[in-house]
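# Inside the fold
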Amino acid sequence: MTPPPTSKVVRLLACAFGAGLTVTALAAGPATASPQATAPAQARYTGSAEDAAANKAFFEAVVKSVAAKRAAHPGAAAVTVTYDASGAPSFQQQIANSASIWNASVSNVKLQASSGGGDFAYYEGNDARGSYASTDGHGGGYIFLDYAQNQQYDSTRVTAHETGHVLGLPDHYEGPCSELMSGGGPGPSCTNPNPDANERARVNSLWANGLAKALRGAGVTIG
């Protein structure tokens, strides 16, 4: 499975892990490579207004996809969000770990692998801007995992962070390592892949009454 053509992609990259400017110093390769380079010093990433807009656009794309498939059961207590990981073969374990972490952390929404497409997809490759969540300009959402950044930073943390955007969480780069959505803000030494209590509560609250609650939280209108 290949990413949408570049000419048609709306790259709302403000959902990035938060350290794209530093990853170009590292050799690019699959996540299984063993990096030897020491991460260069960096200024703390703080995000921007574009970041917030990108988070919202990505979440809306995923919610709309889920809504189209769940219209027959709008009052369901829990919502299943499916993902296609076939476009990121080097990150199969990290993606599976990320889904397990989130599924163990929240109860009102679940992530489930799909072999025949999904509500969003994962892709891999080289991008100097790092890993990010984005939309394809046609209502679809995807997560791009950059090789170099996943060598510089804990790969499961990167993947779980980007997956957090699927569930509606914004970036919070100024947060401590204990916050998953602080992303690359705390630096490469931070390896925590788990959402903290506030992040778990926020996701559970957002999806508390099934899809209808998520739609309202995203400000999305279907129809």
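Throughout what follows, the structure given in this document is the object of discussion. (Residues numbered from 1 in each chain as written. Predicted model: local features only at pLDDT ≥ 70, side-chain atom pairs only at ≥ 80, totals over all residues. Heavy atoms only, no water.)

### Structural notes on the overall build of the chain
Let me state the cut-off plainly: A helix here means a DSSP run of H or I that spans at least four residues, while a strand means a run of E at least two residues long, and both kinds are numbered starting from the N terminus. Any two residues having at least one pair of non-hydrogen atoms within 4.5 Å are treated as being in contact. All accessibility values rest on the Shrake-Rupley procedure with a 1.4 Å probe; residue burial counts only the protein chains present in the view.
For the chain, the count of helices and strands is 6 helices and 5 strands. Helices and strands in the chain line up, N terminus first, as α-β-α-β-β-β-β-α-α-α-α. Sequence separation of 24 or more characterises 71% of the internal contacts of the chain that already satisfy a separation of 6 or more. Surface accessibility of the chain: about 9,500 Å² in total, with carbon and sulfur atoms responsible for 54%.

### Topic: the packing of helix H2 (residues 92–105) against helix H4 (residues 155–166)
Helix-helix packing is characterised by the crossing angle of the two axes and by the distance between the axes. Going by this rule: Only the contacting stretch of a helix is used when fitting its axis, a line to C-alpha atoms as for every element, and angles between N-to-C directions run 0 to 180 degrees. To sort the angles, those under 35 degrees are grouped as roughly parallel, those over 145 as roughly antiparallel, those from 65 to 115 as roughly perpendicular, and the leftovers as oblique. We call a crossing left-handed when the near helix sits turned anticlockwise from the far one by less than a right angle, and right-handed when that turn is clockwise. Each residue gets one label: Ala, Val, Leu, Ile, Met, Phe, Trp, Tyr, Cys and Pro are nonpolar, Asp, Glu, Lys and Arg are charged, and the others, such as Gly, are polar.
Between H2 and H4, whose axes approach to 9 Å, the crossing angle comes to 55°. Regarding the angle of H2 to H4, the classification is oblique. For the pair H2 and H4, the sense of crossing is right-handed. Between H2 and H4, the residues in contact are Gln-94, Ile-95, Asn-97, Ser-98, Ile-101 and Trp-102 and Ser-155, Thr-156, Thr-159, Ala-160, Thr-163 and Gly-164, respectively. When grouped by side-chain class, the residues that make up the contact of H2 with H4 number 4 nonpolar, 8 polar and no charged.

### Considering the environment of Tyr-83
Rules: Partly exposed describes any residue whose relative accessible area lies between the buried limit of under 20% and the exposed limit of over 50%, with all areas from a 1.4 Å probe on protein chains only and scaled to the type maximum.
Checked against the element boundaries, Tyr-83 lands in strand S1 (residues 79–87). Residue class for Tyr-83 comes out buried when judged on its relative accessible area of 9%. For the pair Tyr-83 and Ile-95, spaced 12 residues apart in the sequence, the C-alpha separation amounts to 9.7 Å. Setting aside its immediate chain neighbours within four residues, Tyr-83 contacts Ile-95, Ala-99, Leu-111, Gln-112, Ala-113, Ser-114, Gly-118, Asp-119, Phe-120 and Tyr-122.

### Brief notes about the sheet that holds strand S3 (residues 120–125)
Keep this limit in mind: For two strands to count as paired, DSSP must find a minimum of two bridges between them.
One open sheet holds the 5 strands; their spatial order is S2-S1-S3-S5-S4, and the pairing between them is mixed. In the strand order of this sheet, the two ends are held by strand S2 (109–113) and strand S4 (132–135), each with one partner. Averaged over all pairs of adjacent strands, the angle between their axes in this sheet comes to 30°, without regard to strand direction. Across 5 bridges, S1 lies against S2 in parallel orientation.

### Describing the state of the cysteines
Heads up, the rule is: Any two cysteine sulfur atoms within 2.5 Å of one another count as a disulfide.
This model, assessed by the stated rule, comprises 1 disulfide. The partner cysteine of Cys-177 in its disulfide is Cys-190, sulfur to sulfur 2.0 Å. Handedness here is read from the sign of the S-S torsion; for Cys-177 and Cys-190, about 85°, the answer is right-handed. Residue Cys-177 is located in the loop between H4 and helix H5 (197–206), and its partner Cys-190 is located in the loop between H4 and H5; the two are separated by 13 residues in the primary sequence. Taking relative accessible area as the criterion, Cys-177 reaches 26% and is therefore assigned partly exposed. Residue classification places Cys-190 among the buried residues on the basis of a relative accessible area of 3%.

Geometry only, nothing functional implied.
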